[in-house]
Amino acid sequence: MAYLEIKNFNKTFKDGFKVLNDIELSVEKGEVISIIGSSGSGKTTLLRCINFLETPDCGNMVLDGEVLFNGEDTKKDNDLTLRNKRLNFGLVFQSFNLFPQYNVFKNVTLAPTLLLNGKIKAYKKELKTQKLPRAEYKRLLKEFKENEKKAITDDGLKLLEKIGLSDKINSYPCQLSGGQQQRVAIARALALKPKILCFDEPTSALDPELTGEVLSVIKALKEEDRTMIIVTHEMGFAKNVSDKVIFMSEGKIIESGSSEEIFDHPKSEKLIHFLSNVSDKETV
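Now for a description of the structure that goes with this document.

**Considering the overall build of the protein chain**
For the protein chain, the helix and strand inventory stands at nine helices and 10 strands. Scaling as 2.2 N^0.38, a compact globule of 284 residues should have a C-alpha radius of gyration of about 19 Å, and the protein chain matches this with 21 Å. A buried classification covers 47% of the 284 residues belonging to the protein chain. Sequence-distant contacts in the protein chain: of pairs separated by 6 or more residues, those separated by 24 or more amount to 67%. When the accessible area of the protein chain is evaluated, it comes to approximately 14,800 Å², of which 48% is carbon and sulfur surface. Charge centroids of the protein chain, computed over 42 positive and 41 negative side chains, lie 11 Å from each other.

Shown next, in the form of structure tokens:
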């Protein structure tokens with residue numbers, strides 16, 4: 001069974017426009033999938049449905065054997081259930097979406113720090129079942145908090161080192177280039193240890209000279225066998241980094257296959273036309 005499997009995803013907006021039409025997609029663990037297509041083809045909406053930022057009209061989504069979405073079930077989910085489902089996925093937006101009031105380190109560690117409150121509550125509940133002496137209860141709780149906070153700090157520092165921004169730990173987003181901001185956004189997504197990392201046009205807001213530094217970080221993540229889904233307009237990058245490429249048009253998956261199959265041996269007229277248009281802008 002695939003690591004992530006999506007069947008019969010449909011999505012219709014309130015104005016009646018059907019943006020996704022019977023989407024079926026499977027992702028293997030450690031696989032990198034790029035989704036390409038013209039603007040309005042449904043790429044971003046599919047990614048948002050996978051991340052539970054949009055709710056499909058119907059369909060099924062299974063991650064590593066766990067049913068995350070089945071028909072209309074997400075409408076019955078409470079906030080906690082949806083949050084836990086979303087934690088399986090990390091999403092890097094095209095517009096960075098960093099918190100301007102926080103420095104780089106706090107941007108990266110904020111979400112794990114907020115989640116720590118829930119872990120502490122669960123640990124308290126576990127300790128109470130053991131009926132420990134009060135002094136031992138307090139000692140264990142203090143030790144747990146210190147260890148968890150240290151782990152968040154250590155992970156944050158390691159992630160900033162990974163993306164090459166250890167020297168910017170105390171800088172604020174306004175003091176960074178666009179490429180640096182996007183690298184911080186990638187580190188922030190990784191801080192929650194998602195099973196699948198998703199990118200929505202990660203270089204579209206960047207000048208050409210800054211695009212390379214972001215793409216190099218994504219390539220390094222591929223070498224770690226991370227499972228990734230990337231919506232991109234960078235055809236050369238999609239060809240070089242992807243295990244599988246999916247071409248979407250008018251809310252449907254028209255073709256899917258290896259990079260070689262999609263870029264060197266396209267079959268459908270729509271894909272051939274799309275590639276001929278983008279080839280004028282960059283070398284595939």
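**Notes on the pattern of salt bridges**
Pairing between side chains of opposite charge can happen when their charged atoms approach one another. Following the criterion strictly, the structure yields 14 salt bridges and no others. Arg139 is paired through a salt bridge with Glu136; the nearest N and O atoms lie 2.9 Å apart. Of this pair, Arg139 and Glu136 both sit in helix α4 (residues 134-162), three residues apart, which is roughly one turn of the helix. The class of Arg139 is partly exposed, set by a relative accessible area of 40%. Residue Glu136 is classed as partly exposed on the basis of its relative accessible area, which comes to 29%. In this structure, Arg183 and Glu213 form a salt bridge, with 2.6 Å as the shortest nitrogen-oxygen distance. Pair noted here: Arg183 is in helix α5 (residues 178-190) and Glu213 is in helix α6 (residues 208-223), with a separation of 30 residues, a long-range link. By relative accessible area, Glu213 is classed as partly exposed at 23%. Bridged by salt links that share partners, the residues Lys11, Arg48 and Glu54 form one connected network.

**Focus: the packing of aromatic side chains**
Inspection of the entire model under this criterion finds five aromatic pairs. Between Phe52 and Phe89, the aromatic rings sit 6.5 Å apart at their centres with planes inclined by 50°, giving tilted as the arrangement. With a gap of 37 residues between them, Phe52 in the loop between α1 (43-50) and β4 (58-63) and Phe89 in strand β6 (residues 89-92) connect regions that are remote in the sequence. Classification of Phe89 by relative accessible area gives buried; the value is 6%. Summarising the aromatic geometry, the rings of Tyr123 and Phe144 are spaced 4.1 Å apart at their centres and angled 10° between planes, so their arrangement reads as stacked. Of this pair, Tyr123 sits in helix α3 (residues 104-129) while Phe144 sits in helix α4, and the two are 21 residues apart along the sequence. The same class applies to Tyr123 as to Phe144, namely buried.

Cut-offs used in this document
- Residues numbered from 1 in each chain as written.
- Predicted model: local features only at pLDDT ≥ 70, side-chain atom pairs only at ≥ 80, totals over all residues.
- Heavy atoms only, no water.
- Helix = DSSP H or I, 4+ residues; strand = E, 2+ residues; numbered from the N terminus.
- Rg over C-alpha atoms; globule rule 2.2 N^0.38 Å.
- Buried < 20%, exposed > 50% of the residue type's maximum accessible area, 1.4 Å probe, protein only.
- Contact = heavy atoms within 4.5 Å.
- Areas by Shrake-Rupley, 256 points an atom, 1.4 Å probe, with all protein chains shown as cover.
- Lys, Arg positive; Asp, Glu negative; His and termini not counted.
- Charge placed at Lys NZ, Arg CZ, Asp CG, Glu CD.
- Salt bridge = Lys/Arg side-chain N within 4 Å of Asp/Glu carboxyl O.
- Phe/Tyr/Trp six-rings, centres within 6.5 Å; stacked < 30°, edge-to-face > 60°.

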